[in-house]
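# Overview (structure and organization)
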Amino acid sequence: SPVASAALSHSRAALSSPRLSSPVASAAQQPQKVVSLTPASAVAFARGEMQLVSVPCDADSDGCLAFCDAEECAVVAPSGVVQRLKVGGYFALWFLLSVGYSITNKRVTNALPCPWSVATATVVVGSLFVNLLWLTGLRRRPRLSAATYRALIPIGTFHAIGHIAGTVGTAAGSVSFAQVVKAAGPVYACVLSAAVLKQAVSLRVWLSLAPIIAGVGLATLKELSFAWAALLGAVASDLALALRNVLSKQSMGALSTSDGDKLAPADMFGLLTCISAAVSVPAALLVEGRALPALWASAAAGYPAGSLGLAGQVAATGLYFYGYSEVAMKALNNVHPVTHAIGNTMRRVVIMLVCMVAFRTPMTPLGACGSALAIGGSYLYATVKQQEKAAEVKAAQAAADADRVSENLEAWSSQPSPSSAEAEATARKLKEALPLEVSPVEAAEAEAE
């Protein structure tokens, strides 16, 4: 049959083809002596005398990473251990940068009561950082069409509004309260998805939002340092960022490079940061431009290094913000979305606890219960959404498999039956190709087939 012929030719081609000349393949073809890692091996690797390759080992089914040369391989660690260390490093860095941003941003806005200007300076620093990566070649600059830039402008505008509103809310109230209110982001995401994208939201998802709403309401009622500006700023931030995400989904077809490739998340965030900076600068000058010089001078007087020290804190805020956003994407690319949702939930808890200690923020027992309910509800929502997404993917795969089977059956039924001579020729080819003894009964059955 055509299938059998293709399989035989593929097998013969695979057996006759030469191996790839990669470091991993070379290690597999020419087994070197496996030894323990020594300082000399690490030095040889640093000098370029050894390569980091994956080699088989008994300790881990996925193999081990080792420093190898032509004679020996010094095992560094099992691949699974290295992967876990990498993911753990991403999460630890994500948490540290998030806490650093929250504390530094709050200290800067306490000293310099110009949240619009501080938020603008944050994204300006981020845009300078990503442009430095592109200019030095450390990251490839994406080539975009005019249509892609037009699609990115409204998304970047809502990104700017969300960031400024969040900074205003944090400056007016406590960091812990802002984190609790921001946990209500899924509520706005569901409402806007249903209203703008016309996407159906299941009853399970709506029910998963109930703990978030109840928790935010309880935390708001029992917040000792409550301020309307803090509440409205956090709500406006959630709403703007939800609109940003909705617009991103609407413009998904237009968000690609000039080569037709999908825009990478890191490049997407870098471009949105640049657009956000361009939108935020005139807005900040309009709102706080006249008062900024006097307030800056007053704030700089409280720093030992004066304006230089204040500018350093503002720059650190921008680097923290850009850094934790990008590391969060790296973490998401290496773990399951539910694991990422757990990490994001724990991140909020860590930020709240650290900032409560750093700024001595009081919280009532009922406020603490509301905060826990809201943040736990955000994890429940993420879990339910991921389960529904997995079910949709599974159903789509089953439907695609059914369509393929139907097409194959139609194609098979439309083919004419082979003649006796063709059947004999096929049986003869199979008998020549396979080193098996075929009985007369099996040969007759094969010819009948």
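Read on for a plain summary of the structure.

### Section: the overall build of the chain
- Secondary structure summary: the chain contains 18 helices and four strands in total.
- Per-residue burial for the chain yields a buried fraction of 38% across its 449 residues.
- Across the chain, every contact between residues at least 6 apart in sequence was considered, and the portion connecting residues at least 24 apart equals 77%.
- Of the roughly 25100 Å² that the chain leaves accessible, carbon and sulfur atoms contribute 64%.

### As for the environment of Gln179
- Mapped onto the secondary structure, Gln179 falls in helix 7 (residues 175–182).
- For Gln179, a relative accessible area of 9% corresponds to the buried category.
- C-alpha of Gln179 to C-alpha of Val349: the two residues are 170 residues apart in sequence and 8.6 Å apart in space.
- Leave out the neighbours within four places in its chain, and Gln179 touches Arg348, Ile351 and Met352.

### Some thoughts on the state of the cysteines
- Counting across every chain of the model gives one disulfide.
- Covalent S-S linkage joins Cys68 and Cys73, the inter-sulfur distance amounting to 2.0 Å. Here Cys68 and Cys73 share a disulfide; its torsion about the S-S bond, 120°, makes the bridge right-handed. Taken as a pair, Cys68 and Cys73 share a single burial class, namely buried.

### Description of the nonpolar core
- Counting residues in each nonpolar core, the largest one holds 27 residues, and the members touching the most others are Phe91, Trp94, Leu152, Leu255, Met268, Leu271 and Tyr324.
- Setting aside its immediate chain neighbours within four residues, Met268 contacts Leu152, Ser248, Leu255 and Leu263.
- Residues Ala183, Ala184, Cys190 and Leu209 belong to the second largest nonpolar core, which totals 15 residues.

### What about the environment of Met50?
- Within the element layout of this structure, Met50 appears in the loop between helix 3 (39–46) and strand 2 (51–55).
- What makes Met50 buried here is its relative accessible area of 7%.
- As a C-alpha pair, Met50 and Asp69 span 19 residues in sequence and 4.9 Å in three-dimensional space.
- In contact with Met50, other than residues within four places in its own chain, are Ser41, Ala44, Phe45, Phe67, Cys68, Asp69 and Glu72.

### Let's talk about the packing of aromatic side chains
- Here the structure, examined in full by the defined rule, presents nine aromatic pairs.
- Ring centres 4.2 Å apart and planes at 10° place the aromatic pair Phe45 and Phe67 in the stacked group. Separated by 22 residues along the polypeptide, Phe45 in helix 3 and Phe67 in strand 3 (residues 64–68) bring together distant segments of the chain.
- Between the aromatic rings of Phe269 and Tyr322, the centroid separation amounts to 5.1 Å while the plane-to-plane angle is 45°, which identifies the pairing as tilted. Note that Phe269 is positioned in helix 12 (residues 265–288) and Tyr322 in helix 14 (residues 307–334), a separation of 53 residues in sequence.
- Judged by relative accessible area, which is 2%, Tyr322 ranks as buried.
- Put simply, the rings of Tyr101, Phe129, Phe269, Phe321, Tyr322 and Tyr324 touch in pairs and so form one group of aromatic residues.

### As for the packing of helix 7 against helix 11 (residues 228–250)
- Two elements in contact, helix 7 and helix 11, have axes whose closest approach is 9 Å; the angle formed by their N-to-C orientations is 40°. By the angle between their axes, helix 7 is oblique relative to helix 11. Crossing of helix 7 against helix 11: the hand is right-handed. Touching Phe177, Ala178, Val181 and Lys182 of helix 7 are Ala230, Leu231, Ala234, Val235, Ser237 and Asp238, all from helix 11.
- Residues belonging to the contact of helix 7 with helix 11 are distributed by class as follows: seven nonpolar, one polar and two charged.

### A word on the sheet that holds strand 4 (residues 72–78)
- The strand order 1-4-3-2 describes an open sheet built from four strands, whose pairing is mixed. Where the open sheet ends on each side, the last strands, each with one partner, are strand 1 (33–36) and strand 2. Direction aside, the axes of adjacent strands within the sheet are offset by 40° on average.
- Here five bridges tie strand 2 to strand 3, and the two strands are oriented antiparallel to one another.

### A few points about the pattern of salt bridges
- Scanning the model with the defined rule gives two salt bridges in all.
- Measuring nitrogen to oxygen at the nearest pair gives 2.1 Å for the salt bridge that ties Glu326 to Arg139. Taken as a pair, Glu326 in helix 14 and Arg139 in the loop between helix 5 (115–136) and helix 6 (146–172) lie far apart in primary sequence, 187 residues in all. Comparing Glu326 with Arg139 shows no difference in burial state: the two are buried.
- Notably, a salt bridge pairs Arg404 with Asp401, separated by 2.1 Å at the nearest N-O pair. One end of the pair is Arg404 and the other is Asp401, both in helix 16 (residues 365–414) and three residues apart, which spans about a single turn.
- Note on Arg404: relative accessible area 43%, which makes it partly exposed.

### A few points about helix 8 (residues 185–195)
- Listing the buried residues of helix 8 in full gives Gly185, Pro186, Val187, Cys190, Leu192 and Ser193.
- The elements touched by buried residues of helix 8 are helix 7, helix 9 (203–208), helix 10 (210–221), helix 11 and helix 16.

What counts and what doesn't
- Residue numbers restart at each chain and count upward from 1, following the sequence in its written direction.
- Per-residue local features are limited, in this predicted model, to residues with pLDDT of at least 70; the limit for side-chain atom pairs, both in listing and counting, is 80 or more; totals at the level of whole chains, interfaces and linings are taken over all residues.
- The side-chain numbers reported here are obtained from all heavy atoms of the structure, hydrogens and water having been left aside.
- Starting at the N terminus, helices and strands are each numbered in turn, a helix being any DSSP run of H or I of at least four residues and a strand any DSSP run of E of at least two.
- The buried label goes to any residue with under 20% of its type's maximum accessible area, the exposed label to any with over 50%, and the partly exposed label to all in between, with areas taken from a 1.4 Å probe on protein chains only.
- Contact between two residues is taken to exist if any of their heavy atoms lie within 4.5 Å; hydrogens are not considered.
- Computed with the Shrake-Rupley method and a 1.4 Å probe, the accessible areas treat only the protein chains shown as cover for residues.
- When two cysteine sulfur atoms are found within 2.5 Å, that pair is recorded as a disulfide.
- Residues belong to one nonpolar core when they are buried, are Ala, Val, Leu, Ile, Met, Phe, Trp, Tyr or Cys, and are joined through side-chain atoms within 4.5 Å.
- Any two rings among Phe, Tyr and Trp, with Trp reduced to its six-membered ring, count as a pair given centres within 6.5 Å; such a pair is stacked if its planes are under 30 degrees apart, edge-to-face if over 60, and tilted if neither.
- Note on method: axes are straight lines fitted to C-alpha atoms, helices fitted across the in-contact stretch only, with angles between N-to-C directions ranging 0 to 180 degrees.
- For classification purposes, an angle smaller than 35 degrees is called roughly parallel, one larger than 145 roughly antiparallel, one from 65 to 115 roughly perpendicular, and anything else oblique.
- Crossing handedness is read from the near helix: turned anticlockwise from the far helix by less than a right angle, it gives a left-handed crossing, and turned clockwise, a right-handed one.
- Only Asp, Glu, Lys and Arg are considered charged, only Ala, Val, Leu, Ile, Met, Phe, Trp, Tyr, Cys and Pro nonpolar, and every remaining residue, Gly among them, polar.
- If DSSP finds at least two bridges between two strands, the strands pair.
- For salt bridges, the criterion is a side-chain nitrogen of Lys or Arg within 4 Å of an Asp or Glu carboxyl oxygen.

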